[in-house]
Each structure stands twice: as structure tokens, then as C-alpha cells.
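# Reading the structure
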Amino acid sequence: MNHQNLIEHTIAFVKKELDGAEGGHDWFHIERVYKNSLLIANNEDVNLLIVSLGALLHDIADSKFYDGDETVGPNRARIFLEKEGVSSEVIEHVINIIENISFKGGNKAQKFTSKELEVVQDADRLDAIGAIGIARCFNYGGFKNRKIYDPEIAPKLYMSPEEYKASTAPTINHFYEKLLLLKDKMNTSSGKEIALKRHQYMTAFLAQFYDEWNGVK
């Protein structure tokens, strides 16, 4: 099968798998990460097929929707790629991207590194910040019925992956526990450049949010 047909099959598979998914982790999230991955890859020496498949399959079954089970996504991706006749070398690389892309509180060491992972990871992190990042953050908070903000509950930094997964903190706290940290965790020059602009947008949003919360003109 040629690469274009494989990508088309993968897109169709992902759309079907994510039908009805939570709004911040649906097909449109995948599509944005895919497009940003290709954009970043323009300035990197990477295998575009692996970048494309990694981006399209990275959230095929996010563990937060499967009681924290991190094996569901990689397993589904592997079964699909094997059925498509993809080489074992490419499959293993894509699975490694899926297994190592997540933030998980920012305190879990990656067991795998590659330029392809760096590209897809940057693209995924870009979708967690800026205007879309803010929208996704509050959408997920509403999905989990969390408070928007509670001045009495301080953000908890340096959480373990287990604490991060179990957190039920107000949505605003997530900015400090993850979103504002991502700018300095970008891998590529393109990712860093885009992240800076989106980071500044979030800090302006938070300043406005607190003014409105506290009744400041």
C-alpha cells in the first residue's frame, strides 16, 4: 500500500474510533495535531510517514477515558497498523510515540526519544495552549464537572503521574499545573516560536480572568 492510501485509511479509522469523543480529544484535536506536526516537520529531518501516523494515532484511546489504562491506545494502534501491512519497524516507532508523548504531570521520564516524537509531541502540546488550549481546558473541566476556580485551592506543582491523573482540582489550576509549563518543554525551534505566542495569550487571559473575578475595572 502506498503512503497516501495508508494515511487516508488511518484518518478514516481514527474518525470512526473517536466518533462521539469528548470535545477536546475528538477528531478535530487529532486533525490540528496532524497539521501542526506537518508544519513543524518542514524544518526538521524526520520520517514524514512516522510523524503522520504518530500524530493521527497518538490519542486513539486516551487513558483518561479508560480508567487510566495506558495500554488501550497503543494496542488499538498496533492492531490497526498490522492489519494495514505496515512494517514492524514503523509500527514500533509509532507505538513508542504514543506511549511517550503524554505530559503526565511533567515529572515522568520518557523511555524513548526520536526526532519524530519531538515533532508530534510539540504539535500535541501546542494544541494544549493558546486560545484552543483554553477552550479545551474548560471543556474538559465541564466534562468532569469541576469548579472553574476556587481561590482556596492552590495549584499543586510537581505532581507524580499518579497524582496528576487523580487530580480533581478547579480548571484554572490546570494552567499552572500544565499549560503554562509547556512553553519551556518544547523540543523544536518551530514549536518554541509558536508556543511563545500562545503562552503570552494565556497569561493575558489569566490577568483578565482575575480582574473580572475580583471586580476590578
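Structure first, text after, so check above.
A quick note: this is a predicted structure, and the numbers were derived from the prediction, not measured.

## Quick word on the overall build of the protein
Each helix and strand counted, the protein has 10 helices and zero strands in total. Each helix and strand of the protein, ordered N terminal to C terminal, gives the series α-α-α-α-α-α-α-α-α-α. The principal-axis extent of the C-alpha atoms belonging to the protein is close to 60 × 35 × 30 Å. Out of the 217 residues in the protein, the part that is buried amounts to 48%. Surface exposure of the protein reaches about 11500 Å², of which carbon and sulfur atoms provide 50%. When the 26 positive and 32 negative side-chain charges of the protein are each reduced to one mean point, those points stand 3 Å apart.

## Let's talk about unusual backbone geometry
For Asn145, which is not a glycine, the phi torsion comes out positive at approximately 55°. With respect to the helices and strands, the residue Asn145 is situated in the loop between helix H7 (130-143) and helix H8 (161-166). Among the residues examined, Asn145 registers a relative accessible area of 71% and is labelled exposed.

## Re the environment of Val86
Take Val86: it is sitting in the loop between helix H4 (72-83) and helix H5 (88-100). Sequence separation between Val86 and His3 is 83 residues; the distance between their C-alpha atoms is 9.8 Å. Apart from the residues within four sequence positions on either side, Val86 is in contact with Leu6, Leu81 and Ile91.

## Comments concerning the packing of aromatic side chains
Tallied over the entire structure, the rule returns 11 aromatic pairs. Ring geometry for Tyr149 versus Trp213: centroids 4.8 Å apart, planes at 75°, classification edge-to-face. Of this pair, Tyr149 sits in the loop between H7 and H8 while Trp213 sits in helix H10 (residues 189-213); the two residues are 64 residues apart in sequence, bridging distant segments of the chain. Here Trp213 falls in the partly exposed class, since its relative accessible area comes to 41%. A ring pair is formed by Phe209 and Tyr210, whose centres lie 5.7 Å apart and whose planes are at 85°; its orientation type is edge-to-face. Given the relative accessible area of 21%, Tyr210 is considered partly exposed. Linked through ring pairs, Phe138, Tyr149, Phe175, Phe205, Phe209, Tyr210 and Trp213 together constitute an aromatic cluster.

## Here's the deal with the nonpolar core
Core analysis: the largest hydrophobic core is formed by 55 residues, its most contacted members being Val14, Leu53, Leu57, Leu81, Val94 and Phe175. Top element by residues in this core is helix H3 (residues 48-57). It accounts for seven residues. For Val14, the residues in contact, after removing those within four places along its chain, are Trp27, Ile30, Leu56, Leu57 and Ile60.

## Structural notes on helix H2 (residues 27-41)
Over its 15 residues, H2 extends 21 Å from the first C-alpha to the last, a length consistent with the 21 Å expected when each residue adds 1.5 Å. For H2, every residue scored as buried is listed here: Trp27, His29, Ile30, Val33, Tyr34, Asn36, Ser37, Ile40 and Ala41. Contacts from the buried residues of H2 go to helix H1 (3-17), H3, helix H6 (115-126), H7 and H10.

About the cut-offs
- Residues numbered from 1 in each chain as written.
- Predicted model: local features only at pLDDT ≥ 70, side-chain atom pairs only at ≥ 80, totals over all residues.
- Heavy atoms only, no water.
- Helix = DSSP H or I, 4+ residues; strand = E, 2+ residues; numbered from the N terminus.
- Buried < 20%, exposed > 50% of the residue type's maximum accessible area, 1.4 Å probe, protein only.
- Areas by Shrake-Rupley, 256 points an atom, 1.4 Å probe, with all protein chains shown as cover.
- Lys, Arg positive; Asp, Glu negative; His and termini not counted.
- Charge placed at Lys NZ, Arg CZ, Asp CG, Glu CD.
- Contact = heavy atoms within 4.5 Å.
- Phe/Tyr/Trp six-rings, centres within 6.5 Å; stacked < 30°, edge-to-face > 60°.
- Core = buried A, V, L, I, M, F, W, Y, C linked by side-chain atoms within 4.5 Å.
- Expected span 1.5 Å × (residues − 1).

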